[in-house]
Amino acid sequence: MRRFRTRWTLKWRLLALFAAFAVVETVAATASQVIRAQEFIEDELVAAMEQMILLADHVMEHGDQAVPNYAVALGPSRAALQDRPIRHVALKILDRSGVVVLQTRPDENHWTPPGWFIALLDNNTKEWRREGSFGTIIVTADPQTEIAETWEDMVTVTGVVILLNIAMMLLVYVLV
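A brief look at the structure comes next.

## Overview of the packing of aromatic side chains
How two aromatic rings sit relative to each other is set out by the distance from centre to centre and by the angle between their planes. Within the structure shown, the criterion is met by 4 aromatic pairs. A ring pair is formed by Trp-116 and Trp-151, whose centres lie 5.9 Å apart and whose planes are at 85°; its orientation type is edge-to-face. Pair noted here: Trp-116 is in helix α5 (residues 115–121) and Trp-151 is in helix α6 (residues 144–175), with a separation of 35 residues, a long-range link. Taking relative accessible area as the criterion, Trp-116 reaches 55% and is therefore assigned exposed. Classification of Trp-151 by relative accessible area gives buried; the value is 16%.

## A short note on the pattern of salt bridges
Within the structure shown, the criterion is met by 2 salt bridges. With its nearest N and O atoms 3.0 Å apart, the salt bridge here joins Glu-42 to Lys-126. Of this pair, Glu-42 sits in helix α2 (residues 10–63) while Lys-126 sits in the loop between α5 and β3 (127–132); the two residues are 84 residues apart in sequence, bridging distant segments of the chain. Overall, Glu-42 belongs to the partly exposed group, its relative accessible area being 25%. Overall, Lys-126 belongs to the partly exposed group, its relative accessible area being 33%. For Glu-127, the salt bridge goes to Arg-129, with nearest N and O atoms at 3.6 Å. Using a relative accessible area of 48% as the deciding quantity, one classes Glu-127 as partly exposed. Exposure remark for Arg-129: the relative accessible area of 47% places this residue in the partly exposed category.

## Details of the nonpolar core
The biggest cluster of nonpolar side chains holds 26 residues, and the ones touching the most others in it are Met-49, Val-89, Leu-91, Phe-117, Leu-121, Trp-128 and Val-139. Going through the elements one at a time, α2, β1 (89–95), β2 (100–103), α5, β4 (135–141) and α6 are the ones with two or more residues in this core. Examining the composition of this core, we find that 9 residues originate from one element, α2, more than from any other. Those residues in contact with Val-89 that sit more than four places away from it in its chain are Ala-48, Met-49, Met-52, Thr-104, Val-139, Thr-140, Ala-141 and Asp-142.

Conventions and cut-offs
Here the residue numbers are simple positions, counted from 1 along each chain's written sequence. A pLDDT threshold of at least 70 governs which residues receive local features in this predicted model, and a stricter bar of 80 or more applies before side-chain atom pairs are shown or counted, although totals over entire chains, interfaces and linings include all residues. Here the side-chain values reflect all heavy atoms present in the structure, with hydrogen atoms and water set aside. Ring pairs are drawn from Phe, Tyr and Trp, using the six-membered ring of Trp, whenever the two centres fall within 6.5 Å, and their geometry is named by plane angle: stacked under 30 degrees, edge-to-face over 60, tilted for the rest. Helix and strand definitions follow DSSP, with helices as H or I runs of at least four residues and strands as E runs of at least two, each counted in order from the N terminus. Using a 1.4 Å probe on the protein chains alone, a residue whose accessible area is under 20% of its type maximum counts as buried, one over 50% counts as exposed, and one in between counts as partly exposed. For this document, the term salt bridge refers to a Lys or Arg side-chain nitrogen within 4 Å of an Asp or Glu carboxyl oxygen. Here, nonpolar core refers to any group of buried Ala, Val, Leu, Ile, Met, Phe, Trp, Tyr and Cys residues whose side-chain atoms link them within 4.5 Å. By definition in these notes, contact holds between two residues if any of their heavy atoms fall within 4.5 Å.

Read these as spatial facts, not as claims about activity.
So this is what it looks like as structure tokens:
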């Protein structure tokens, strides 16, 4: 044991100590981001689902009144919904025979996180389904955009933490 101590100078002991703290700090920062992300993603999905369900209810109310079908009840919103990706939700409207009247496309303008990260944060998918006089409206939660944003944030923050820790260790090395 004495031999081990004589090889390690004060400089290397301090660097080892700072490196150990840097590893713990990085792991703790990353873990806290993932834990917070689970709650945040759930909140975002619930809010998006509620908004889309309000739209669906509005379409169904008009569908039950004087319009001949859901396509007419949607009016100009149909083109806007079909042409734009919708964050956090997918909307699908079927007529009575099961033919798709409207189906939104997912937002795919983001990084693709690794599969293990998606599995970690993608809880069971929520779906709202309502049968109406002209067919069925289905709203499904889509957490992929939020998971991708969380991954981007985590990679960025973790990268900055690692770079700052490396800079700190270099500074300790030079000063000691």
